[in-house]
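Structural characterization, general
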Amino acid sequence: MADILVPMIAVPLILFMIFVAPIWVIMHYRSKRKIGQGLSADELQNLQQLAQQAEQMRERIKTLEAILDADAPTWRDRK
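The sections below set out a description of the structure shown in this document. All values derive from a computational prediction rather than experimental measurement.

Within the protein chain, the regular secondary structure consists of 2 helices and 0 strands. The C-alpha radius of gyration computed for the protein chain amounts to 29 Å, which surpasses the reference 12 Å derived for 79 residues by more than 25%, pointing to a less compact arrangement than a globule. Burial status across the protein chain gives 1% buried among its 79 residues. When the accessible surface of the protein chain is summed, it comes to about 7600 Å², and 67% of that surface belongs to carbon and sulfur atoms. Averaging the positions of the 10 positive and the 9 negative side-chain charges in the protein chain gives two centres separated by 5 Å.

Printed below as a string of structure tokens:
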């Protein structure tokens, strides 16, 4: 029984250590390095553009709420 159990555990473990573990470690540290580098110039530009669009949307929402407050004062009470 022990002669069969040891290879059944050892073979998958050895295969894991040879193939999966090195790739796992490489990918882990690659992602850590990428996170540590911060945003690229393109990503920063996209972030700034999204922030500007969010501010424009905020202003539009304020305008729409003001119009709704004038036309239908009880619109906020509706669910």
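There is more to say, and it comes next.
Moving on to the environment of Ala 51. Inspection of the secondary structure assignment puts Ala 51 in helix H2 (residues 41-71). A relative accessible area of 48% places Ala 51 in the partly exposed class. Distance from Ala 51 to Ser 31, taken between C-alpha atoms, is 26 Å for residues 20 residues apart in sequence.

According to the stated counting rule, one finds 1 aromatic pair in the structure shown. Ring geometry for Phe 16 versus Trp 24: centroids 6.2 Å apart, planes at 85 degrees, classification edge-to-face. Judged by relative accessible area, Trp 24 falls into the exposed class, the value being 57%.

What follows concerns a nonpolar patch on the surface. Nonpolar side chains collect at one region of the surface, where Val 11, Leu 13, Ile 14, Leu 15, Phe 16, Met 17, Ile 18, Phe 19, Val 20 and Trp 24 lie side by side and expose about 1000 Å² of accessible area between them. Positionally, Phe 16 belongs in helix H1 (residues 2-37).

Right, let's talk about the pattern of salt bridges for a bit. Here the structure, examined in full by the defined rule, presents 3 salt bridges. For the salt bridge of Arg 58 with Glu 55, the shortest nitrogen-to-oxygen distance reads 4.0 Å. Here the residue Arg 58 and the residue Glu 55 both occupy positions in helix H2, the gap between them amounting to 3 residues, near one helical turn. Asp 69 is the salt-bridge partner of Arg 76, the closest N and O atoms lying 3.2 Å from each other. Judged by its relative accessible area of 33%, Asp 69 falls in the partly exposed class. Bridged by salt links that share partners, the residues Glu 65, Asp 69 and Arg 76 form one connected network.

Rules of the game
Residues numbered from 1 in each chain as written. Predicted model: local features only at pLDDT ≥ 70, side-chain atom pairs only at ≥ 80, totals over all residues. Heavy atoms only, no water. Helix = DSSP H or I, 4+ residues; strand = E, 2+ residues; numbered from the N terminus. Rg over C-alpha atoms; globule rule 2.2 N^0.38 Å. Buried < 20%, exposed > 50% of the residue type's maximum accessible area, 1.4 Å probe, protein only. Areas by Shrake-Rupley, 256 points an atom, 1.4 Å probe, with all protein chains shown as cover. Lys, Arg positive; Asp, Glu negative; His and termini not counted. Charge placed at Lys NZ, Arg CZ, Asp CG, Glu CD. Phe/Tyr/Trp six-rings, centres within 6.5 Å; stacked < 30°, edge-to-face > 60°. Patch = residues over 30% accessible without salt bridge, like charges linked within 9 Å, V, L, I, M, F, W, Y side chains within 5 Å. Salt bridge = Lys/Arg side-chain N within 4 Å of Asp/Glu carboxyl O.

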